[in-house]
Amino acid sequence: MARVLVGVKRVIDYAVKIRVKPDKTGVVTEGVKHSMNPFDEIAVEEAIRLREKKQASEVVAVTCGPTQNQETLRTALAMGADRGIHVEVQGKDYESMTPLHVSKILAKLAEQEKADLIILGKQAIDGDCNQTAQMTASILDWAQGTFASEIKLEDSKMTVIREIDGGLETVELKMPAVVSADLRLNEPRYATLPNIMKAKKKKVAKTSPADLGVDMKSSIEVLEVVDPPEREAGIKVESVEQLVGKLKDGGVI
Amino acid sequence: MLLRKVSVLACSHLRVISPKWSLLNQRPSHSLPPLTAGAYNVKRGDFAQITDNDLTHFQSIIGKDHVITDHNDLEMYNMDWMRSVRGQSKLLLKPKTTNEVSQIVKHCNERKLAVCPQGGNTGLVGGSVPVFDEIVLSTQRMNNIILIDPVSGVLVCQAGCILEAANNQLSKHSLMAPLDLGAKGSCHLGGNISTNAGGLRLLRYGSLRGSVLGVEAVLPSGEILDCLSELRKDNTGYDLKQLLIGSEGTLGIVTALAIQCVQKPLSTNLAFLGVESFSNVLSLLRGARRDLGEILSAVEFMDQDCMRLVTTHLDCSNPISSHPFYMLIETSGSNTGHDEEKLSAFLDKIMSSGLAVDGTLATDVGKLQSIWALRERIAEATLREGYNYKYDVSLPTEHMYTMVEESRKRLQDVCLSVFGYGHVGDGNLHLNMTSEKFDPKVLSMIEPFVYEWVSKYKGSVSAEHGMGFKKRQYMGFTKSKSAITLMHRIKELLDPNGIFNPYKTLPDP
């Protein structure tokens, strides 16, 4: 049975309206509702299902970030993960953290925890990078199955059905492997109250990038963050004649 | 407190409407309902007919584009949301300003033309649509927000502002309207006021009678009544706006309003619980009030049938396992840590005591909305099952579910479902039955049984939906004869020609 590592990221809730900070250095996060990245919820759900099918022995949830990230870990535990690991990253290090840093951290943890399978969300809804799963696999030199809409684990072989532009692609991976979860992989369960209670007693270990030998120096500097240009309002015309007139004026016809 | 001495059996002043039921059955679910005038026993009042001169006059007030006579364009304005009643109006007017409304109404009064004021047309008792050829006076274009005061939290706007749209503007100032209901995407604030809408958060923010600070309306004479105060406290004479609140467009048309908004909560949590018995539901309500106190913002319940309806007919799914009852307990506050701690302690308590046997907790906006949908979309799901007999009653909380059980015992052989849900925190039950298609025999087994039962426990035959067209004749089950008589006198005083929303709200004298 596989030991599964699942990465969970704390992001601004998808339903919240994003506002850019007046100094253009980023978006407003103070006092804004945060929750687990939706694709990571799908990853956690898939890992738990593997354990319920007795194909995984243990599900370990991992998060990289400041103290508030513990909420995100608790959610994963409430969904059914067995234990959590909080990699503490604060302040400037957190602001400049990129998928490359996270991949190095996850790779180190995978070795330490003797994981056989890493399931991640395909991308985070704030960065939209879609890089962590691929980079992690590369660092570990593991097989990868990205944009998974279905996975099947049999002995040490994994079949992944991937969502690609032309349709669906089926690949076979030799374990150990990294999988990134796409939207249609599953519908995450709600954390039930009995499980939320149980989660309070589950173990959460703390560590840091330094403990894992990962350098948080970044080679990327954010210059500015701005709103996209405002969409101009359209106008309503009163008749077909007016419409034709406007189209002619615009040189369209 | 009802001081009625009249016994239920001696309600001789009541006359039950008997619709021509055969007509109500001749339709498949998505075609047009039969005309109200044909299906119900109601006679057209002695009003004038619209002439070309009237049309020209209206066009000179609001412009040709906003005087609509096309039969197809009028279809949606002639029919209610439930597709249960249909009028025959041939004219729809869409003014933009109070002055235009005043001029229109003055003309209608002089000519004795009947008028049906209409907001978002989301009412559930047929009060917002014409019965015959009343002119539909729509507030659709009157959607300006006049001001939002971020310090006092007062919103002043025209009557045609849609609740959800107003909330979007208010949220920019961290404010929120003091009411919330399933129809929020379509209902107009003017209509909410005219029906004294209740909704999901009455438990926390109170009734519109408390939060509406001022109303501007056009009376049936055409006169503009300016009571558009923005003051929280103003005891200078009779509080006239209270007459307009809840009078369902029969005493005038609300054209603008000032309403006290509340702080938009920084922390919202929703617990969805599985409960084994209604008495546990009531214990949980008491516990929530006691332990969650000032952060409690909504307590709703639904039964097993409701869950079946939303999961079968809509794309909803049950987040927990199956239970006879479900409760939604929502908290709203200014401090996430404080609220979560309080809620966590409460949930620990109820789970260990076994009052709730299952549940889930939503803190994310997305999950909050999906769980609220289970409760807010019951009405929508019900319409897909068959013909829906809908009752909205106020009862002492201990008798709320007994009403459902007794109705079920009586009707289970003739109805597909008999179920209940609603604002258990306010003593307001939404009792519903469905049958495959409309059946007069079924209706005769439901009415007056439901009304008599409610009357026996001194409840209200319409807690929040109002009287409209469909329930007006049952007012006597809850209100005394002297009250109804005075209502008629007020109506005569303000609307001597009876042109405003005739056939609605008040029972026939």
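Quantities reported herein were computed from a predicted structural model and do not represent experimental measurements.

Colleague: Teacher, can you tell me more about the overall build of chain B here?
Modeller: Tallying secondary structure elements over chain B gives 19 helices and 18 strands in all. Taken against the 2.2 N^0.38 rule, which gives 23 Å for 509 residues, the C-alpha radius of gyration of chain B at 23 Å falls within 12% of a compact globule. When its C-alpha atoms are laid out on the principal axes, chain B stretches across 75 × 55 × 45 Å. For chain B, with 509 residues in total, the buried portion stands at 56%. At a minimum sequence separation of 6, the contacts of chain B that also span at least 24 residues come to 75%. When the accessible surface of chain B is summed, it comes to about 21100 Å², and 51% of that surface belongs to carbon and sulfur atoms. Separation between the mean location of the 52 positive side-chain charges and that of the 53 negative ones in chain B comes to 5 Å.

Colleague: Can you walk me through the pairing of strand 10 (residues 253-260) of chain B in this structure?
Modeller: Along any regular strand the residues' side chains alternate between the sheet's two faces. Residues and elements named next belong to chain B. Among the eight residues in strand 10, eight count as buried, and that is most of the element. Judged from the five bridges that link them, strand 6 (residues 154-158) and strand 10 form a sheet pairing that is antiparallel. The residue of strand 10 that forms the bridge with Val156 is Ala258. When strand 8 (residues 212-218) meets strand 10, the two strands line up antiparallel, connected through six bridges.

Colleague: I tried to follow the interface of chain A and chain B on my own but got confused; where do I start?
Modeller: By a widely used convention, the size of an interface equals the accessible area lost when the partners come together. On the chain B side, the residues contacting the 17 residues of chain A number 20 residues. Approximately 1500 Å² of surface area, both sides summed, lies buried where chain A meets chain B, with 58% of it carried by carbon and sulfur atoms. By the criterion of area lost to chain B, the three top residues of chain A are A:Lys33, A:Tyr190 and A:Leu193, representing 42% of everything that side buries. On inspection of chain A and its partner chain B, the count reaches two salt bridges. Across the salt bridge formed by A:Glu41 and B:Lys367, the nearest N and O atoms sit 3.1 Å from each other. For the pair chain A and chain B, the number of links is six residue pairs in polar contact (both at pLDDT 80 or more).

Colleague: Quick question: what am I supposed to make of the UniProt feature "domain: FAD-binding PCMH-type" (unreviewed entry) in chain B here?
Modeller: Taken from the UniProt record, the annotation "domain: FAD-binding PCMH-type" (unreviewed entry) applies to residues 85-264 of chain B. The span residues 85-264 of chain B is 23% helical and 24% strand by assignment, and the distance between its end C-alpha atoms comes to 37 Å.

Colleague: Even after reading the chapter, I still don't get the environment of B:Val281, so can you show me in this structure?
Modeller: Residue and element names in this part refer to chain B. Relative to the elements of secondary structure, Val281 occurs in helix 11 (residues 278-292). Taking the C-alpha atoms as reference points, Val281 and Ser174, separated by 107 residues in sequence, lie 33 Å from one another. The residues touching Val281, leaving out its near neighbours within four places in the chain, are Val275, Phe301, Phe325, Met327 and Val424.

Colleague: Would you take a moment to explain the sheet that holds strand 15 (residues 358-362) of chain B for this structure?
Modeller: Within a sheet, neighbouring strands are paired by backbone hydrogen bonds and run either parallel or antiparallel to one another. Residues and elements named next belong to chain B. Pairing is antiparallel in the open sheet, where seven strands are placed in the order 15-12-14-13-17-18-16. Two strands bound the open sheet, and with one partner strand each, they are strand 15 and strand 16 (387-394). Strand-to-strand, the axes of this sheet are offset by a mean angle of 15°, without reference to chain direction. In this structure, strand 13 (residues 296-303) lies alongside strand 14 (residues 325-333), joined through seven bridges in antiparallel fashion.

Colleague: Got a minute to help me understand the packing of aromatic side chains in this structure?
Modeller: Here a ring pair, both rings aromatic, is described through the centre-centre distance and the interplanar angle of the planes. Residues and elements named next belong to chain B. Scanning the model with the defined rule gives 19 aromatic pairs over all chains in all. Ring geometry for Phe47 against Tyr503: centres 6.4 Å apart, planes inclined by 85°, an arrangement best described as edge-to-face. Residue Phe47 is found in the loop between helix 2 (36-39) and helix 3 (52-62), and its partner Tyr503 is found in the segment after helix 19 (481-494); the two are separated by 456 residues along the sequence. Phe47 sits in the buried class, given a relative accessible area of 14%. Between Phe301 and Phe325 the ring centres are 6.5 Å apart and the planes differ by 45°, which places this aromatic pair in the tilted class. Residue Phe301 is located in strand 13, and its partner Phe325 is located in strand 14; the two are separated by 24 residues in the primary sequence. For Phe301, a relative accessible area of 0% gives the class buried. The exposure class assigned to Phe325 is buried, which follows from its relative accessible area of 6%. Each member of the aromatic cluster is reached from another via a ring pair, and the members are Phe278, Phe301, Phe325 and Tyr401. Just above the ring of Phe449 sits the side chain of Arg410; from NZ or CZ to the centre is 4.4 Å.

Colleague: I keep staring at the domain arrangement of chain B and nothing clicks. Help me out?
Modeller: All names here are of chain B. Once the domains are mapped, chain B shows domain 1 (143-263), domain 2 (267-378) and domain 3 (386-478). In this complex, domain 2 contributes 17 residues to the contact, which on the side of domain 3 involves 17 residues. Contact between domain 2 and domain 3 buries roughly 1300 Å² in total, counting both sides, with carbon and sulfur atoms accounting for 65%. The tally of links from domain 2 across to domain 3 stands at two salt bridges.

Conventions adopted
- Along each chain, residue indices are assigned from 1 in the same order as the chain's sequence is written.
- Chain letters and ligand numbers both follow the written order, the letters beginning at A and the numbers at 1.
- Predicted model: local features are reported for residues with pLDDT of at least 70 only, side-chain atom pairs are reported and counted for 80 or more only, and whole-chain, interface and lining totals are derived from all residues.
- Calculation of side-chain values draws on the structure's entire complement of heavy atoms; hydrogens and water are dropped beforehand.
- Every helix listed is a DSSP run of H or I at least four residues long, and every strand listed is a run of E at least two residues long, numbered separately from the N terminus.
- It is over C-alpha atoms that the radius of gyration is taken, and the globule rule equals 2.2 Å times the number of residues to the power 0.38.
- Categorising residues by exposure relies on relative accessible area from a 1.4 Å probe, with only protein chains included: less than 20% of the type maximum marks a residue as buried, more than 50% marks it as exposed, and the intermediate range marks it as partly exposed.
- Contacts are assigned to residue pairs with any non-hydrogen atoms lying within 4.5 Å of each other.
- Only the protein chains shown count as cover for residues, and the accessible areas themselves come from Shrake-Rupley with a 1.4 Å probe.
- All tallies of charge rest on Lys and Arg as positive and Asp and Glu as negative; His and the ends of each chain are not included.
- Where a charge sits is defined by one atom per residue type, namely NZ (Lys), CZ (Arg), CG (Asp) or CD (Glu).
- Should DSSP find at least two bridges between two strands, the strands are regarded as paired.
- Using a 1.4 Å probe, buried area is obtained as the accessible area two parts lose upon being combined, added over both of them.
- The salt bridge definition used is simple: a Lys or Arg side-chain nitrogen within 4 Å of an Asp or Glu carboxyl oxygen.
- Identification of polar contacts relies on pairs of N or O atoms within 3.5 Å, with a donor-acceptor requirement for protein atoms, meaning one able to donate a hydrogen and the other able to accept it, and with residues adjacent in sequence counted only if both atoms are side-chain atoms.
- UniProt positions are given in the numbering used here, feature names are shortened, and annotations may be inferred rather than shown by experiment.
- Axis angles are defined between N-to-C directions and span 0 to 180 degrees, where every axis is a line fitted to C-alpha atoms and, for a helix, only to the segment in contact.
- Between rings of Phe, Tyr and Trp, where Trp is taken as its six-membered ring, a pair exists when centres lie within 6.5 Å; planes separated by under 30 degrees are stacked, by over 60 edge-to-face, and by other angles tilted.
- Only when the NZ of Lys or the CZ of Arg is both within 6 Å of the ring centre and within 35 degrees of the ring normal is a charge said to sit over the ring.
- All the domain ranges listed were derived from an automatic or database domain assignment.

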